[in-house]
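Now for the letters of each chain:
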Amino acid sequence: MKRLISLLLTSTIYAVAVAQSFTAAVTKNTVVVGEQFQVTFTIEGNAKNFGPPAWGDFSVLGGPYQSNQTQWTNGVVSQTTGLTYLVSAKKEGKLTIGSATVESNGKKLSTNPITITVVKNTSQAQGNQQGNQQGSDASGLSSKNVFLKAFIDKTNVYRGEGITVTYKLYFNVNVYNYALEKAPSFTGFFNQDIKMPDQPVVYNENVNGVQYKVAALKKVILFPQQSGTLSIDEMKGECVARVQVKRNRNPNDPFDVFNDPFFGNSMQDVKVNIKTDPIKITVKDFPANAPESFKGAVGHYAFDAHLDKNEIKANDAVNLKVKISGKGNLKLLENPTVNFPPQIESYDPKVNENIAVNEGGTSGSKTFEYLMIPRTEGNYQIPAIDFTYFDLDKKSYVTLSSGQLNLKVGKGEGNAATLVEANSISKADVAVLGKDIRYIKTNSIVFSNSGEGFYGSPLFYALLLSPFLLVGAAFVYAQKLNALNSNAMLVKSRGATKLANKRLAFAKKFMNENKSNEFYEETYKALNGYLSDKLAIPVADLTKETASAKLFTRKVSNETVNKLITTLDMCEFARFAPSAASTPQTIYNDAVNIITKIESEIV
């Protein structure tokens, strides 16, 4: 076995970069006696002669299972190799996993020892262990392998102050097809989503000595609308993890090693339910004695109000623009109070927003545009318009004022600026408010004889009956549509090809951009998703075997099924050894042809 490990470590692709590090990590650092967990040794670069640690008080249940990741950067090839053991503790206490060693470029590298806290295997501890299992399988997958966590930037805020909430997925197993299913109700909050990238950025993070991959799935800004203690409810979702299946190996069979997960025969997809814990937020109310012009604005703002014209004629229109710009709860800002003179007719404002929502908060501007029409000539003064907001830095109110706005209105031409007696108005003189009043026509009136014209004609009866005919047709169509849509699986199956083509379009985009990893992953998802929808098999239960069996029962040819399995294998294999796989163009063409053939053959 030791010679085999050494051979695996030295089997690299082309020229491999010099080893930079040799580390060890565990999936959990607190376990009960007999509980399974994983220990992974990671080598960056070329190495040989791996020496496992002294296990001492730990039993090795399986492994080592190897994983490889190769990357090309500016013509330089780098490789990361991982060796994973499945182990359990023999007794309770603080136990130590010793250092592992490896040789790289003539130097001997070693990992740091790892301390594991092992507690007594009581019935309560076993219950806790079982309670933490989510989608448990033979590999010991639990909520410590995959979990969702919510982070907030503040827990003590003022009413109307923005809070950024980030939902992160932590995992140390391969994860596919994640989805957030139940968003919190955010009771007591106004919320705005922050746009996330189509492909989440994945990075490494050490949590209590355990190495995880982390991806931010969702970000949202919340504005509390009431004071007191508010709760951010749990966020729920699910994902599919691909894990190693525990199996009993035959020590008397020298070839039994080829059944290890390294050779691709002992992997299983497991659906994992994930959710966050609720979070409590303390919300403070505003200080007392708020100015009358305060309407709940919180943040940092600038304020401007002006007329687009200062001199007009009676019955002409003028616009008053009030612009509030800055950073804060812009979406919730109300229109400022404007006291118009009674001689000026005014209308509700038209609101224009130019607001950006990002990790830095909500910023931009909100403009209120009032239409005004003075009906009589004269000089008018619009009193100063005040806008008050609560400044978070100063912890006090700030009032901004426009100052008095002056408008000069001259006598209008051809309008009723001067009131006159009704009996003195002549036809030539009257044109009220833009000709709103029209005079009665004085020319001759032409009457039609009975029976002539539209009434009683065939067109009249056709139009009379058409609504009833349309209602009947709509009813028949709705009945057929409901019958088709009543079968959810049938609806999903009908849309399988369309959804697969959409995903393949993304894959083609990645191929044109020379993003190989993204291309293979998107192609794999497209084929897997198509099979799940077309064959009505949940993703968590979908395997190559179940898909093949279902396709055979529906009369799909052996050639098409074999080509499908080969293409799926190529997509998976290409992520670990891209140079050995078919070209992306070939795989893309095969994927398109496979879907076309299945559609033509399936019954």
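Higher on the page you've got the structure.
Here's a quick rundown of the structure. All of these numbers come straight from a predicted model, not from anything done at the bench.

### Here's the deal with helix α6 (residues 516-535)
Now for step 1: For α6, which comprises 20 residues, the first-to-last C-alpha distance of 28 Å matches the rise-based estimate of 28 Å (1.5 Å per residue) to within 8%.
Now for step 2: Taken across its 20 residues, α6 has 16 buried, putting it largely inside the fold.
Now for step 3: Trailing α6 by a residue or two, Ala536 shows a phi angle of about 60 degrees, which is positive.

### Side note on the packing of aromatic side chains
Remark: the centre distance and the inter-plane angle together describe each pair of aromatic rings, the angle taken between the planes.
Now for step 1: In the structure shown here, the tally under the stated rule is 22 aromatic pairs.
Now for step 2: Through pairs of rings, three or more aromatic residues link up here, namely Phe22, Phe41, Phe50, Trp55 and Tyr85.
Now for step 3: Just above the ring of Tyr158 sits the side chain of Lys284; from NZ or CZ to the centre is 4.3 Å.

### Observations concerning the packing of α6 against helix α8 (residues 558-574)
Now for step 1: Two elements in contact, α6 and α8, have axes whose closest approach is 9 Å; the angle formed by their N-to-C orientations is 145 degrees. Of the two elements, α6 crosses α8, and the hand of that crossing is left-handed. Touching Tyr520, Thr523, Tyr524, Leu527, Asn528 and Leu531 of α6 are Leu564, Thr567, Leu568, Cys571, Glu572 and Ala574, all from α8.
Now for step 2: A per-class count over the contact of α6 with α8 returns eight nonpolar, three polar and one charged.

### Some thoughts on the side chain of Glu369
Now for step 1: One can find Glu369 in strand β27 (residues 361-374).
Now for step 2: Within the structure, the side chain of Glu369 is placed 3.4 Å from the side chain of Asn319, a separation counted as a polar contact.
Now for step 3: Ignoring sequence-local partners within four residues, the contact set of Glu369 consists of Asn319, Leu320, Lys321, Pro349, Lys350 and Asn352.

### Looking at the pairing of strand β9 (residues 107-110)
Now for step 1: The pairing of strand β8 (residues 101-104) with β9 spans four bridges and is antiparallel. Bridge pairing in β9 links Ser104 to Lys107.
Now for step 2: Between β8 and β9, which follow one another and run antiparallel, lie two residues, and Asn105 among them has a positive phi close to 55 degrees.

### A look at the sheet that holds strand β12 (residues 156-158)
Now for step 1: Spatially, three strands are ordered β12-β21-β18 in an open sheet, and the strand pairing comes out mixed. Pairing within the sheet leaves two strands with one partner each, and these edge strands are β12 and β18 (228-232). In this sheet, neighbouring strand axes are inclined to one another by 35 degrees on average, regardless of whether the strands run parallel or antiparallel.
Now for step 2: Two elements, β18 and strand β21 (residues 279-284), share five bridges in a ladder whose sense is antiparallel.

### What about the nonpolar core?
Now for step 1: Counting residues in each nonpolar core, the largest one holds 31 residues, and the members touching the most others are Phe519, Leu531, Leu535, Leu551, Leu564 and Ile598.
Now for step 2: The set of elements that each furnish at least two residues to this core consists of α5 (496-512), α6, α7 (544-553), α8 and α9 (584-601).
Now for step 3: Counting residues per element, this core draws most heavily on α6, which supplies eight residues.
Now for step 4: Other than its neighbours up to four places away in sequence, Leu531 contacts Ala536, Leu542, Ala547, Leu551, Leu564, Leu568 and Ile598.
Now for step 5: Val165, Val173, Val220 and Val243 belong to the second largest nonpolar core, which has 29 residues in total.

Analysis parameters
- Residues numbered from 1 in each chain as written.
- Predicted model: local features only at pLDDT ≥ 70, side-chain atom pairs only at ≥ 80, totals over all residues.
- Heavy atoms only, no water.
- Helix = DSSP H or I, 4+ residues; strand = E, 2+ residues; numbered from the N terminus.
- Expected span 1.5 Å × (residues − 1).
- Buried < 20%, exposed > 50% of the residue type's maximum accessible area, 1.4 Å probe, protein only.
- Phe/Tyr/Trp six-rings, centres within 6.5 Å; stacked < 30°, edge-to-face > 60°.
- Lys NZ or Arg CZ within 6 Å of the ring centre and 35° of its normal.
- Axes fitted to C-alpha atoms, helices over the stretch in contact; angles between N-to-C directions.
- Left-handed = near helix turned anticlockwise from the far one by under 90°.
- Contact = heavy atoms within 4.5 Å.
- Nonpolar A, V, L, I, M, F, W, Y, C, P; charged D, E, K, R; others polar.
- Polar contact = N/O pair within 3.5 Å; in protein donor to acceptor, adjacent residues only side chain to side chain.
- Pairing = 2+ DSSP bridges.
- Core = buried A, V, L, I, M, F, W, Y, C linked by side-chain atoms within 4.5 Å.

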